[in-house]
Amino acid sequence: KSYLSRIRLTEPQLKCFLHVSENVLKDAEEIDQRIAKGEELGPLAGVLIGVKDNICTEGMPSTAASRILEHYRPPFDATAIKKIKELGGIVVGKTNMDEFGMGSTTEASAFQVTANPWDLTRVPGGSSGGSAAAVAARQCMVSLGSDTGGSVRQPASFCGVVGLKPTYGRVSRFGLMAYASSLDVIGCFGSTVADAGMLLHAISGYDRFDSTSSKQDVPEFQSQFLSVDHFESKPLKGVKVGIIRETLEDGVDSGVKSATQEAASHLEALGCILTEVSLPSFSLGLPAYYVIASSESSSNLSRYDGVRYGNQVMAEELNRLYERSRGEGFGGEVKMRILMGTYALSAGYYDAYYKRAQQVRTLIQKDFKAALEQNDILISPAAPSAAYKIGEKKNDPLAMYAGDIMTVNVNLAGLPAVVLPCGLVEGGPSGLPVGLQMIGAAFDEEKLLRVGHIFE
Ligand code: GLN
């Protein structure tokens with residue numbers, strides 16, 4: 001009840017949710033009954049979870065913030081949602097986002113603009129801006145987002161919460177509306193690393209409905225938090241941390257740089273061995289990401305044809321029906337991505353763009369592999385700046401894309417990463433949060449969570 005009244009109080013200003021469930025109290029009562037019957041539900045029992053609107057929830061609107069899916073209510077739950085419900089978690093509602101995950105500010109939602117709880121004139125980041133802001137504003141306890149190129153980590157940084165992007169394949173994508181299938185992962189937001197880690201544990205694991213989900217064991221992430229001795233003077237003794245040189249060069253705000261350097265000193269004080277590492281192909285990641293993500297999206301979004309799902313705009317002739325449904329259903333950013341992707345995949349351009357981007361992807365994977373052979377984790381800022389003003393980058397897509405430089409490489413390599421608050425810079429009524437990104441080796445979320453938990 002207290003969360004619902006907090007939503008009622010803050011939502012008119014924040015606009016984090018596209019839909020709030022009518023069943024929260026009923027669901028909570030059911031959890032009580034299951035517990036009374038002796039069911040052992042674990043740490044998620046009764047936990048209120050916000051869910052990004054591109055994750056399918058049975059019978060509840062799931063629109064990916066697009067007009068083309070305005071009235072769509074899926075007949076099934078995404079695997080992550082199914083697991084959450086089995087463990088007693090409660091879906092409190094569906095959160096706002098950039099349409100189909102394409103954007104970095106949540107301004108590309110077809111329905112509303114979400115405000116950053118730290119400063120209502122600023123963006124919460126994106127594309128999972130609603131999920132990040134809802135946790136920051138304590139409208140829910142934890143939330144789910146999706147991260148194709150930084151959409152969990154960058155809004156976590158802008159809103160001062162923890163954002164966890166798992167290894168590609170750790171969490172089933174079944175029921176996550178596809179943006180770029182080789183990059184997409186469902187990720188978790190929480191107020192603490194432990195909260196985000198517990199949610200990740202609940203949704204992880206192999207799923208026969210997603211052929212790219214991994215059969216790797218899912219360790220008990222919780223033990224990482226329970227076994228920490230906070231009185232030990234150097235709890236991270238000997239942990240090798242590489243700070244990525246290319247992420248602290250020109251174009252990064254000075255306040256962000258100094259917060260990152262202070263975070264590095266804090267890790268050293270906890271016992272870590274700090275070195276500088278270089279990822280030589282780092283700057284190639286951004287163009288490669290936008291070619292690959294747009295290409296995959298142009299294929300994935302062809303399913304929205306006005307026939308199978310969502311809005312249909314009637315016409316005399318079938319091709320006109322497709323044109324009108326897609327023309328009226330998709331927003332400007334989505335149309336631009338479809339055009340870019342279709343172009344990059346066309347005969348005659350394929351070798352110059354798509355193939356080349358895939359080659360860059362291999363280089364980036366090699367860079368990370370080499371750096372993670374020498375280090376346990378790598379660190380960088382989560383974004384080159386703190387949250388910017390609503391409208392500031394809306395008409396300058398290239399400037400907005402450039403803000404993804406810290407995060408996209410991690411998706412190209414499929415690695416896990418966590419972003420956690422590491423300081424404030426000037427701005428807004430009480431300062432603006434800055435996030436530190438920690439990147440780990442594939443399927444080594446455990447180490448990330450341990451270091452992150454001790455760090456915070
Ligand atoms: N901002 C990036 C994009 O627009 C990343 C989005 C995401 O991770 N979904 O593609």
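Structure: above.
A separate point is the site of the ligand. Taken together, the neighbourhood of the ligand is formed by 15 residues, with T148, G149, S151, Y179 and Y289 sitting nearest. G150 has a polar backbone atom sitting 3.3 Å from an oxygen atom of the ligand. Taking 290 Å² as the accessible area of the ligand by itself, protein coverage stands at 99%. Within the shell around the ligand, the residues separate by chemical class into four nonpolar, eight polar and three charged.

Under the defined criterion, the tally for this structure stands at one cavity of 30 Å³ or more. Here the largest cavity defines a volume of roughly 100 Å³. In this structure, the largest cavity is lined by 17 residues; those nearest its centre are G103, G149, S151, Y289 and D404. The residue makeup of the lining of the largest cavity, split by class, is five nonpolar, ten polar and two charged.

Spatial ordering of the open sheet is given by 1-3-2-4-6-5-10-11-9-7-8, a layout of eleven strands whose pairing is mixed. The two strands at the open ends of the sheet, each matched to only one other strand, are strand 1 (17-20) and strand 8 (273-277). For this sheet, the mean angle separating the axes of adjacent strands, direction not counted, is 30°. Relative to strand 11 (residues 432-439), strand 10 (residues 417-425) runs antiparallel, the two sharing eight bridges. For P421, the partnering residue across the bridge sits in strand 11 and is G435. Across the sheet, helix 12 (residues 351-374) is in contact with strand 7 (240-244), strand 9 (377-381) and strand 11; its angle to strand 9 comes to roughly 115°.

This brings us to the pairing of strand 5 (residues 162-165). Neither face of strand 5 is open: one carries V162 and L164, the other G163 and K165, and all of them are buried. Looking at chain direction, strand 5 and strand 6 (residues 185-190) are connected through three bridges and run antiparallel. The residue of strand 6 that forms the bridge with V162 is G190. In terms of strand pairing, strand 5 meets strand 10 through three bridges, oriented antiparallel. Within the sheet, the bridge partner assigned to L164 lies in strand 10 and is V418.

Below, the discussion takes up the packing of aromatic side chains. Overall, the coordinates contain 14 aromatic pairs when judged by the stated rule. With 5.8 Å between their ring centres and 85° between their planes, Y72 and Y309 make a pair best called edge-to-face. Of the two residues, Y72 is situated in the loop between strand 2 (48-52) and helix 3 (79-86) and Y309 in the loop between helix 9 (285-300) and helix 10 (318-329); the sequence distance between them amounts to 237 residues. Classification of Y72 by relative accessible area gives buried; the value is 15%. A relative accessible area of 30% means that Y309 is categorised as partly exposed.

Moving on, we come to the packing of helix 9 against helix 12. Interaxial distance between helix 9 and helix 12 falls to 9 Å at its minimum, and their mutual angle equals 125°. Our classification of the angle between helix 9 and helix 12 gives oblique. Judged by the twist between their axes, the crossing of helix 9 over helix 12 is left-handed. Contacts between helix 9 and helix 12 pair G285, A288, V291, I292, S295 and E296 from the former with Y353, Y354, A357, Q358, V360, R361 and I364 from the latter. Broken down by class, the residue content of the contact of helix 9 with helix 12 amounts to eight nonpolar, three polar and two charged.

On to unusual backbone geometry, then. Backbone geometry follows two general trends: most residues other than glycine have a negative phi, and most peptide bonds adopt the trans configuration. Here the bond from G126 into S127 is cis, since omega is 10°, no more than 30 degrees from zero. Secondary-structure assignment places S127 in the loop between strand 3 (90-95) and helix 4 (129-136). Backbone geometry places A65, a non-glycine residue, at a positive phi of 55°. By the secondary structure assignment, A65 is in the loop between strand 2 and helix 3. With a phi close to 65°, F443 is a non-glycine residue in the positive phi region.

With that settled, consider the pairing of strand 2. Of all five residues in strand 2, five are buried; the element is thus mostly enclosed. Here strand 2 shows a buried face lined by L48, G50 and K52 and a second buried face lined by I49 and V51. Sheet topology note: the strand 2/strand 3 ladder contains five bridges and is parallel. Residue pairing in the sheet places L48 in a bridge with I90 of strand 3. In terms of handedness, the path from strand 2 via helix 3 over to strand 3 forms a crossover that is right-handed. Here strand 2 pairs with strand 4 (residues 142-147) via three bridges, running parallel. In the strand pairing of strand 4, I49 is matched with V142.

Cut-offs and rules
Residues numbered from 1 in each chain as written. Predicted model: local features only at pLDDT ≥ 70, side-chain atom pairs only at ≥ 80, totals over all residues. Heavy atoms only, no water. Near = heavy atom within 4 Å. Polar contact = N/O pair within 3.5 Å; in protein donor to acceptor, adjacent residues only side chain to side chain. Areas by Shrake-Rupley, 256 points an atom, 1.4 Å probe, with all protein chains shown as cover. Nonpolar A, V, L, I, M, F, W, Y, C, P; charged D, E, K, R; others polar. 1 Å grid on protein atoms, 1.4 Å probe; cavity = no way out; pocket = protein on both sides within 12 Å on 5 of 7 lines; lining within 4 Å. Points joined across faces, edges and corners; volume = space filled by probe spheres on them. Pairing = 2+ DSSP bridges. Helix = DSSP H or I, 4+ residues; strand = E, 2+ residues; numbered from the N terminus. Axes fitted to C-alpha atoms, helices over the stretch in contact; angles between N-to-C directions. Contact = heavy atoms within 4.5 Å. Buried < 20%, exposed > 50% of the residue type's maximum accessible area, 1.4 Å probe, protein only. Phe/Tyr/Trp six-rings, centres within 6.5 Å; stacked < 30°, edge-to-face > 60°. Parallel < 35°, antiparallel > 145°, perpendicular 65-115°, else oblique. Left-handed = near helix turned anticlockwise from the far one by under 90°. Right-handed = clockwise from strand over helix to strand, strands pointing away.

Don't take any of this as a statement about function, it's just geometry.
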